[in-house]
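For reference, the chains in residue letters:
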Amino acid sequence: MIRAALKSLLGRKLRLLMSTFAIVLGVAFVAGSLVFSDTLSRSFTALFASTVGDVVVRPDSGTTVDGAPSTRTIPASLLDDLRSIPGAARVDGNVSAVGVFVVDKENKVVGGFGPPGFGVNWSDAPAGHGLEGLSITTGHAPHGPDEVVLDAKTAERANYFVGERIVVVTSADRARLTPRLVGIADFEHGGSLNGASLSIFDTPTAQDLFLDGKDAYTDVWVTAKDGVSQEELRDQVAAQLPQDVEAVTGDDAADESASELLKAITFLTTFLLIFAGIALVVGAFLIVNTFSILVAQRSRELALLRALGASKRQVTWSVQLEAFVLGVIGSTIGLGLGVLLAMAIRAFFANFGLDLSGQPLVFAPRTFAASYAVGVLVTMAAAWLPARRTTRIAPVQALRDDVAMPESALHRRLLLGIVLIVGGLASLYLGLFSDVTHGGWWTGAGVLAILLGVASASPVISRPFLSLARWVYAGLFGTVGNLAGQNSLRNPRRTTATASALMIGLTLACTMAIVGDSAKASVDQTVQENFVGDFIVSNVFGGPFSPSIAKRMANVDGVTEVVRERFQFAERDGDRQGVAATDPARIDALELKMLSGSTSDLTDGTVLVKKAFADDHDLAVGDELTLKVPSGEETYRVTGVMDDNPLVFAPVLTTIDTLTAAGFQDQDNALVIMTDHTSVGVQNRLDEVVGDLPIVTVKNEAEFAQEQRQPIDGLVRTIFALLGLALVIAVLGIVNTLALSIIERTREIGMLRAIGLSRAQLRRMITLESIVISVLGAVLGVGLGIGFGIALMYAVRDQGLEVISVPEGQLALFLALSLVIGVLAAVFPARRAARLDVLRAIATE
């Protein structure tokens, strides 16, 4: 039986290799996602490990939750005390700041949307300024306020050379700097900043820029003497520190710094693997169809084996052996393609500033194990159903050319489909509308169950559509159309299984189209209803900028009022919590809709909260809210509950002085500008204030709404691109099914040609069959997508997404696209059928 299975496999190489496309693409996505995420994780882990000393001395809560430096510092006098420690070889103070960007010669910011821009001081420590292996390869170290050193990648991207004057923008009062580039820093033995930009100043200049001239440091690195461990040195250092300063080992500091970023990497990996799973589910339909057709074609062969004494189990495992070999081949090819895909993903993220060119790809054992496990198991599981089905056919019955699915089997599939749909609806309801843990998993499981249920029941529920298609075809195309309709109805399981692959991809595409359009419509409505003032001033990267800009804009002719707003992250119950702040004297200009309490009650040490946040955390006026901020744990009294407003950037709103007292930097994130509406050219004058700061822009209401829509458009485009993989597999499934069905119907095609069917008519018949499959998949997919999209948006209506918008034009485009897919998918099979030799086709067994 093993030899027979292998010979059968070798005898149908082309047919089986066509079905490997699905496995190759699915496994490639799994492998590429894992290789890229492992590379990204290794790169950042190595980077953080090289940016710490043996022991790091820092203020308690010296950084915010998102890793930005707070206002708390280490006095320079403490360094002398630390140098007297027996285990310390040297002590170096560091000054660092985020939001320091280089502007290239075309006045464009280098990076910004992805990796951060750092400003640091130079140190003559053995590891350069703290980055292991980074040293000045060209020029010299900075000396004085007019000199700067850049990392090599940033200098290259900005097209700057040593000796030139460059432009550096910061969020400090001196927002625009034009120092001379005196040196280039690079890694001598390989390494990367992963796209981050680095501007290096001497210590006094860094202190002047980022610490308001204080003789202090953001943290201190203590280097151990030979033979002294990090733990031993940490204990010695801790004994010399005041109460509000802590010492941690370099390893712990690196792990802590990397933890939040590695969480983001985990999310990215999960995001990519979800689409790999979608591709594999779609591919499973292709494999089921392929093996169903191949097993049907070999019915006489398998019946003969049964007659010669082969058991049902042996027949089943012979098919499973073929699936195993196919899975191994597909996984191997997919693994190789996954490497190329990982390189493509790396190049894609490089466009957003995440440059991993200095980090070689990481091939962890889990990548190989997952790739082969997924590829082989999915292939064997998909092939098990047709293998099991063929053993239920009696050997004598299998001698027929075509064995139709019995009515009892169709009824069982319908019953299974109904059970899956009902169970999926229940799971979807729990995930979307009830307070269960891991709601996303419940939602995903519900969607999958409904899709599988519809696919299982589709041979029955699609009969009216297929009958209608036959009637329409017969009326439009005569005998050829009638034949195409009959062929679709002859084996509804095969027709609907092929259509189901396309259905899944279009279901998810339609769902995302509705979610994206509804989100944008909700943003437009919220901005229209709540936008106050005439202009919004903000950082294009979402970061802070100097408070001096507000003072300068308040003096612009035609400006009547400037409302400052800030945004920071605190910590609540171990999770990040956004906190906004504004000037209470000007809060009425924001026209907040208060549901309880009053804006006049907002004073230092109090907060207003949005309704959704208050409902989620059971907060009301008079309750207390405890947050962990750089100054420690602080408790604030709730004085009001407000409706959602896009100009309040977080669920919690307090005063600017409260945020500053908590240890956050004295920097604004947005300005709301009111004008007298009589002066001409106010926006031009406001633009002049920030003309030398490309990171800060002035926007009117329409421009602000467009800015809010851009992240939604980007996410939807990314998801559509990833779903394109599933659609490609679905199209390949249609091609594969038609090609294999033509092989199965070779004698029938020969007979049709013999009685007068022309090549053109035959091609038309195959094309019409393909269109039926693709349109059926599109109708099912669009219908399910509308249902899922509306249900999802209804479930999140309390989160500020109140508008449900169905993009009719986009959905109509999907339906039209299905016609194009049907025509294109039929080109190869139709040409192959038309080229068959009539006499040889009639003589085919």
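Everything below is about the structure shown above.
A short tour of the structure in this document, coming up. By convention here, each chain's residues receive numbers from 1 onward along its written sequence. Local features in a predicted model are, by the rule used here, given only for residues with pLDDT of at least 70; side-chain atom pairs are given and counted only at 80 or more, and totals for whole chains, interfaces and linings are based on all residues. No hydrogens and no water enter the side-chain calculation; it runs on all heavy atoms of the structure.

## Describing the overall build of the chain
Working step 1: Every helix listed is a DSSP run of H or I at least four residues long, and every strand listed is a run of E at least two residues long, numbered separately from the N terminus. Helix and strand counts for the chain come out as 24 helices and 25 strands.
Working step 2: Surface accessibility follows the Shrake-Rupley procedure with a 1.4 Å probe radius. Residue values consider only the protein chains on display as shielding. Of the accessible surface of the chain, which amounts to about 37,000 Å², a share of 58% is contributed by carbon and sulfur atoms.

## Quick notes on the sheet that holds strand β1 (residues 55-59)
Whether parallel or antiparallel, the strands of a sheet pair through hydrogen bonds between backbone atoms.
Working step 1: Two strands qualify as a pair provided that DSSP identifies no fewer than 2 bridges between them. Pairing within the open sheet is antiparallel, and its 4 strands lie in the order β3-β14-β1-β15. Here the strands that pair on one side only, and so sit at the sheet edges, are β3 (88-94) and β15 (245-249). Strand-to-strand, the axes of this sheet are offset by a mean angle of 20 degrees, without reference to chain direction.
Working step 2: In terms of strand pairing, β1 meets β15 through 5 bridges, oriented antiparallel. Each bridged residue has a counterpart across the sheet, and for Val 55 the counterpart in β15 is Thr 249. Angles run from 0 to 180 degrees between N-to-C directions of axes, and those axes are lines fitted to C-alpha atoms, restricted for helices to the stretch in contact.

## Considering the pairing of strand β18 (residues 575-582)
Working step 1: In this scheme, a residue with accessible area under 20% of its type's maximum is buried, one over 50% is exposed, and one in between is partly exposed, where area comes from a 1.4 Å probe on protein chains only. By the criterion of burial, β18 is predominantly enclosed, with 6 of the 8 residues buried.
Working step 2: Looking at chain direction, strand β17 (residues 559-572) and β18 are connected through 8 bridges and run antiparallel. Bridge assignment links Arg 572 to a residue of β18, and that residue is Asp 575.
Working step 3: Counted between consecutive antiparallel strands, the loop separating β17 from β18 contains 2 residues, among which Asp 573 sits at a positive phi close to 55 degrees.
Working step 4: Two strands pair when backbone bridges link them, and β18 and strand β23 (residues 652-655) are joined in this way by 4 bridges, in the parallel orientation. If you follow Ala 581 over to β23, its bridge partner there is Thr 654.

## Details of the packing of aromatic side chains
Working step 1: Ring pairs shown here join Phe, Tyr and Trp side chains whose ring centres sit within 6.5 Å, with only the six-membered ring taken for Trp; geometry is labelled stacked below 30 degrees between planes, edge-to-face above 60, and tilted in between. For the structure on display, the rule yields 3 aromatic pairs.
Working step 2: Pairing Phe 201 with Phe 210 gives two aromatic rings, centres 6.1 Å apart and planes at 70 degrees, and the pair type is edge-to-face.
Working step 3: Owing to a relative accessible area of 1%, Phe 201 belongs among the buried residues under this scheme.
Working step 4: Consider the rings of Tyr 473 and Phe 477, whose centres lie 6.0 Å apart with planes at 75 degrees: the pair is edge-to-face. Of this pair, Tyr 473 and Phe 477 both sit in helix α13 (residues 463-490), separated by 4 residues, roughly a single helical turn.
Working step 5: A cation sits over an aromatic face here: Arg 576 above Phe 569, 3.8 Å from the ring centre. Comment: the charge-over-ring label is applied if NZ (Lys) or CZ (Arg) is within 6 Å of the ring centre and within 35 degrees of the ring normal.

## Some points on the pattern of salt bridges
Working step 1: Salt bridges are defined as contacts in which a side-chain nitrogen from Lys or Arg sits within 4 Å of a carboxyl oxygen from Asp or Glu. Under the defined criterion, the tally for this structure stands at 18 salt bridges.
Working step 2: Salt-bridge contacts for Arg 90 lead to Asp 92; the nearest nitrogen and oxygen are separated by 2.9 Å.
Working step 3: Exposure remark for Arg 90: the relative accessible area of 26% places this residue in the partly exposed category.
Working step 4: What makes Asp 92 buried here is its relative accessible area of 8%.
Working step 5: A salt bridge links Lys 105 to Glu 164, with the nearest nitrogen and oxygen atoms 3.1 Å apart. Residue Lys 105 is found in the loop between β5 (101-103) and β6 (117-121), and its partner Glu 164 is found in the loop between α4 (152-158) and β9 (167-169); the two are separated by 59 residues along the sequence.
Working step 6: Looking at Lys 105, the relative accessible area reads 47%, which means it is partly exposed.
Working step 7: One network of salt bridges, in which partners are shared, links Arg 564, Arg 566, Asp 666 and Asp 668.

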